[in-house]
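Observations on the model geometry
Below, each chain spelled out in residue letters.
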Amino acid sequence: MLFRSTNSLILCPAGRTGSYTIPDSVTNIEAEAFYQCSSLTGVTIGNRVATIGDSAFYGCESLTDVAIPDSVTSIGDYAFYQCTSLTSAMIGNGVTYIGGYMFYSCGSLANVIIPNSVTSIGDNAFYWCGSLTDFTIPDSVTGIGSYAFYQCASLTNVAIGNSVAYIGGGAFWSCTSLTSVRIGNSVTGIGWDAFDHCTSLTSITIPNSLISIETSAFDYCISLKSVTIPNSPFKKRDISDCPG
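In what follows, the accompanying structure is described. For clarity, every value in this text was computed on a predicted model and none was experimentally measured. (Residues numbered from 1 in each chain as written. Predicted model: local features only at pLDDT ≥ 70, side-chain atom pairs only at ≥ 80, totals over all residues. Heavy atoms only, no water.)

Description of the overall build of the protein chain
Per the secondary structure count, the protein chain includes zero helices and 21 strands. Relative to its length of 244 residues, the protein chain is compact, with a C-alpha radius of gyration of 19 Å against a globular reference of 18 Å. Along the first, second and third principal axes, the C-alpha atoms of the protein chain reach 60 × 25 × 20 Å. Going through the 244 residues of the protein chain one by one, you find that 49% of them count as buried. Element-wise, carbon and sulfur atoms account for 48% of the exposed surface of the protein chain, whose accessible area totals about 9700 Å². (Helix = DSSP H or I, 4+ residues; strand = E, 2+ residues; numbered from the N terminus. Rg over C-alpha atoms; globule rule 2.2 N^0.38 Å. Buried < 20%, exposed > 50% of the residue type's maximum accessible area, 1.4 Å probe, protein only. Areas by Shrake-Rupley, 256 points an atom, 1.4 Å probe, with all protein chains shown as cover.)

Notes on the sheet that holds strand β18 (residues 189–190)
The sheet built from six strands is open, its strands ordered β10-β12-β14-β16-β18-β20 with parallel pairing. Each edge of the sheet is formed by a strand with only one pairing partner; in this case those strands are β10 (97–98) and β20 (212–213). The pairing of strand β16 (residues 166–167) with β18 spans two bridges and is classified as parallel. Residue pairing for β18: Tyr166 is matched across the bridge by Gly189. (Pairing = 2+ DSSP bridges.)

Digging into the pairing of strand β13 (residues 134–137)
Here β13 shows a buried face lined by Phe135 and Ile137 and an unburied face lined by Asp134 and Thr136. With four bridges joining them, β13 and strand β15 (residues 157–160) adopt parallel strand pairing. Looking at the pairing, Asp134 lines up with Asn157 of β15.

Structure (structure tokens):
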């Protein structure tokens with residue numbers, strides 16, 4: 001291992017195997033510290049770590065689970081990008097932002113705990129997480145980024161918290177197993193293609209807070225039979241390809 005003084009972990013050799021416990025002296029895991037450590041199976045993050053840099057665990061293909069302690073307040077983008085064996089991620093109560101591409105293409109990820117401290121889910125955060133089946137977005141979250149859950153093909157149910165104001169473009173695009181979605185009562189906008197090709201979605205209730213639905217938000221939702229729409233602006237083309 002390579003350290004900057006005793007507080008920052010800079011680099012784990014790519015050939016590192018098995019599990020590793022980060023020393024208690026470390027407060028910062030720097031960008032790309034464990035980049036493509038493809039034989040790393042486990043990591044214990046100490047309770048003094050405050051920041052995890054961009055791409056810190058990028059391509060750790062054998063890493064199976066991760067628990068982020070409450071001491072961590074910042075996790076960079078791409079932090080667990082293509083950790084293809086990762087099945088479980090527990091995020092501590094100090095984290096406020098789920099970074100862009102954080103769990104991109106973590107195809108085995110089935111269990112994620114998002115704490116009430118999180119206020120935003122970044123673009124592509126759970127893109128191609130094909131093993132997610134159920135997801136609750138807590139009331140603390142105010143925004144869901146573009147393509148956040150793109151092609152999460154096993155996702156059957158999602159509950160969107162009551163503080164979310166905007167659902168980004170393509171956020172749930174091609175979540176083909178999604179049958180139900182509860183949209184919280186603070187949503188004012190639904191982005192383009194947000195639920196495009198959600199072919200198993202049968203019903204949806206749009207809250208009274210809604211101001212705008214962008215083009216193709218529900219295109220090709222071929223099983224959609226019931227849409228409850230409040231007295232707010234709504235363009236017919238937004239569900240024009242929902243034949244039900």
